[in-house]
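Read off the chains here:
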Amino acid sequence: MSMQRYEKKTESHEPERDDNLRAVKKSVLYGWGKRYMIIILLFCTPNSVKAQLMKIAASTLELEKALQAARAEGGTVGLVPTMGALHAGHASLVSRSVAENAVTVVSIFVNPTQFNDKTDLANYPRMPEQDCALLERLGADIVFMPTVEDIYPTPDTRRFSYPPIDTVMEGDRRPGHFNGVCQIVSKLFALVHPDRAYFGEKDYQQIAVIRAMVADLQLPVDIRPCPIVREASGLALSSRNQLLTPEERQTAVNISRVLQASIAYSGQHTVAETHDNVVSQLNAVNGLEVEYFQIVDGQTLQDITAWTDAPTVVGCITVYCGHRPVRLIDNIHYRG
Ligand code: PAF
């Protein structure tokens, strides 16, 4: 796919300025001086109808070209790494980057090295056209959609290891997963050189691992975690939700419901009692099976035994839902 240019077609919500624009256009018919007209048009055309272009870079070469043009204008660069199938959670990351940076790059790349299950990789939802239309509306500047060959021209033999943060929970259940995440995120950082990178807090452990990698490699990137976005039902937004049937979606709502209720429960019960209560309630729901639920120190990600063990206490959960089944993750803050 070659680099394409899209005109942003944001609608104007500024009737007064639109009236000005109409008045100026009308004045052309009355033959005002050309130079005078250009100045007036510049002042009166609403920003929302000025042409701004979102570039789609389908290779590292195209990304470099697009970045050169964007960097020439100066200002900070924000990066939102994604695997596509974008939802309102991703949109919140992109909107924050657009608000905080001169240039926002969004990568869409289903990274094979972080999947330890081939079926999971094959089933991962892909909808690039829909994603690009959303990113255009959100005001992203560059969408980077490389091929696997582009990112991994030769097998990536680098090994990243940040124990004990990456050896527990997801690290324990998905061997090699965080190594793959570090491989792709470090490559994206090397290609884009972002000042800031945005990640969703639903993947709480992923943020901790990426922070450890950034510190280890001494990368000048500010990691900005963004809050989980939930449906009105409480279900945490995830690209994987699209793999659920409508009935399974209703079943999945129990995950956030039980986690939320456990906050009140934790006020009168020990860490162990709260843990067991969450697990037994969820396993009692037909169609749900808890893979793990761990109540951990929010910094070290190690299990705690008393609520006062750490200034930040987070409950991290992974649950299998439905017939496929779909693996869903969520977390909740008990402290901090
Ligand atoms: O969170 C994700 O979607 C992925 O792990 C990431 C950070 C885009 C790397 O592939």
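Look up a bit, the structure's there.
Here's a quick rundown of the structure. What you see is a predicted model, and the numbers here were worked out from it, not measured in a lab.

Definitions and cut-offs
The residue numbers shown here count from 1 along each chain, following its written sequence. At least 70 in pLDDT is required for a residue's local features to be given in this predicted model, at least 80 for side-chain atom pairs to be given and counted, and no such filter applies to totals for whole chains, interfaces and linings, which use all residues. Water and hydrogen atoms were dropped before computing side-chain values, which therefore reflect all heavy atoms in the structure. Put simply, a salt bridge is a Lys or Arg side-chain nitrogen that is within 4 Å of an Asp or Glu carboxyl oxygen. Classification of residues uses two cut-offs on accessible area relative to the type maximum, computed with a 1.4 Å probe and protein chains only: under 20% is buried, over 50% is exposed, and between them is partly exposed. By definition, any uninterrupted DSSP run of H or I lasting at least four residues is a helix, any uninterrupted run of E lasting at least two residues is a strand, and each is numbered from the N terminus. We treat two strands as partners when DSSP finds at least two bridges between them. In this description, a line fitted to the C-alpha atoms serves as the axis of each element, helices being fitted only across the stretch in contact, and the angle between N-to-C directions of two axes falls anywhere from 0 to 180 degrees. Two residues qualify as a contact provided that any one of their heavy atoms is within 4.5 Å of a heavy atom in the partner residue. The cutoff for a nearby residue is simple: one of its non-hydrogen atoms must lie within 4 Å of the molecule or strand. Think of a polar contact as two N or O atoms within 3.5 Å of one another; within protein, one of them needs to be a possible hydrogen donor and the other a possible acceptor, and neighboring residues in sequence only count if both atoms come from side chains. For accessible areas, the Shrake-Rupley method is used with a probe of radius 1.4 Å. Any residue's cover is judged against the shown protein chains and nothing else. The pairing test for Phe, Tyr and Trp rings, Trp by its six-membered ring, is centres within 6.5 Å, and the orientation test on the planes gives stacked under 30 degrees, edge-to-face over 60, and tilted for anything in between. For classification, angles of less than 35 degrees are called roughly parallel, those exceeding 145 degrees roughly antiparallel, those between 65 and 115 degrees roughly perpendicular, and all remaining angles oblique. Crossing handedness: left-handed means the near helix sits turned counterclockwise from the far one by under a right angle, and right-handed means the same turn made clockwise. Gly is put with the polar residues, along with every residue not named as nonpolar or charged; the nonpolar set is Ala, Val, Leu, Ile, Met, Phe, Trp, Tyr, Cys and Pro, and the charged set is Asp, Glu, Lys and Arg.

Here we take up the pattern of salt bridges. Tallied over the full model, the rule gives 12 salt bridges. In this structure, the salt-bridge partner of Asp222 is Arg224, at a minimum N-O distance of 2.7 Å. In this structure Asp222 comes out as partly exposed when scored by relative accessible area, which is 33%. In this structure, Asp330 and Arg230 form a salt bridge, with 2.9 Å as the shortest nitrogen-oxygen distance. Highlighted residues: Asp330 in strand E10 (residues 326-335) and Arg230 in the loop between strand E7 (222-226) and helix H11 (246-266), separated in sequence by 100 residues. A relative accessible area of 33% means that Arg230 is categorised as partly exposed. Through salt bridges with shared partners, a single network forms among Asp120, Glu170, Arg174, Arg240, Glu291 and Arg327.

The next subject is the sheet that holds strand E8 (residues 288-297). Reading across from one edge, E8-E9-E10 is the order of the 3 strands in this open sheet, with antiparallel pairing throughout. Looking at the sheet topology across the chains shown, the edges are occupied by E8 and E10. In this sheet, adjacent strand axes meet at a mean angle of 15° when their direction is disregarded. Pairing between E8 and strand E9 (residues 313-321): 9 bridges, direction antiparallel. Opposite Asp297, over in E9, you have Val313 as the bridge partner. Packing of helix H12 (residues 271-283) onto the sheet brings it into contact with E8, E9 and E10, and relative to E8 it is tilted by some 160°.

Attention now goes to the site of the ligand. Every residue close to the ligand is listed here: Pro81, Thr82, Met83, Gln114, Ile184, Phe199, Asp203 and Gln206. Taking Gln114, its side chain carries an N or O atom lying 2.6 Å from an oxygen atom of the ligand. In the environment of the ligand, an oxygen atom lies 2.7 Å from a nitrogen or oxygen atom belonging to the side chain of Gln206. Contact with the protein chains covers 88% of the free accessible surface of the ligand, which is 290 Å².

For any pair of aromatic rings, the description consists of the separation of the ring centres together with the inter-plane angle of the planes. Scanning the model with the defined rule gives 3 aromatic pairs in all. Residues Phe109 and Tyr152 carry aromatic rings whose centres are separated by 6.4 Å and whose planes lie at 45° to one another, so their mutual orientation is tilted. Here Phe109, found in the loop between strand E4 (103-108) and helix H5 (118-123), pairs with Tyr152, found in the loop between helix H7 (148-151) and helix H8 (170-173); they are 43 residues apart in sequence, far enough to count as distant. For the pair Phe109 and Tyr152, a shared accessibility class is recorded, and that class is buried. Note on Trp307 and Tyr334: the rings are 5.1 Å apart at their centroids and 50° apart in plane angle, and the pair reads as tilted. Taken together, the residues span a long stretch of sequence, with Trp307 in the loop between E8 and E9 and Tyr334 in strand E10 at a distance of 27 residues. Here the two residues Trp307 and Tyr334 agree in accessibility, since each one is buried.

Right, let's get into the packing of helix H9 (residues 177-192) against helix H10 (residues 204-217). Here H9 crosses H10 at 55°, and the two axes come no closer than 10 Å. Overall, the two elements H9 and H10 adopt an arrangement that is oblique. Between H9 and H10 the crossing geometry is right-handed. Judged by residue contacts, Phe178, Val181, Cys182, Val185, Ser186 and Phe189 of H9 engage Gln205, Gln206, Val209, Ile210, Met213, Val214 and Leu217 from H10. Split by residue class, the contact of H9 with H10 holds 10 nonpolar, 3 polar and no charged.

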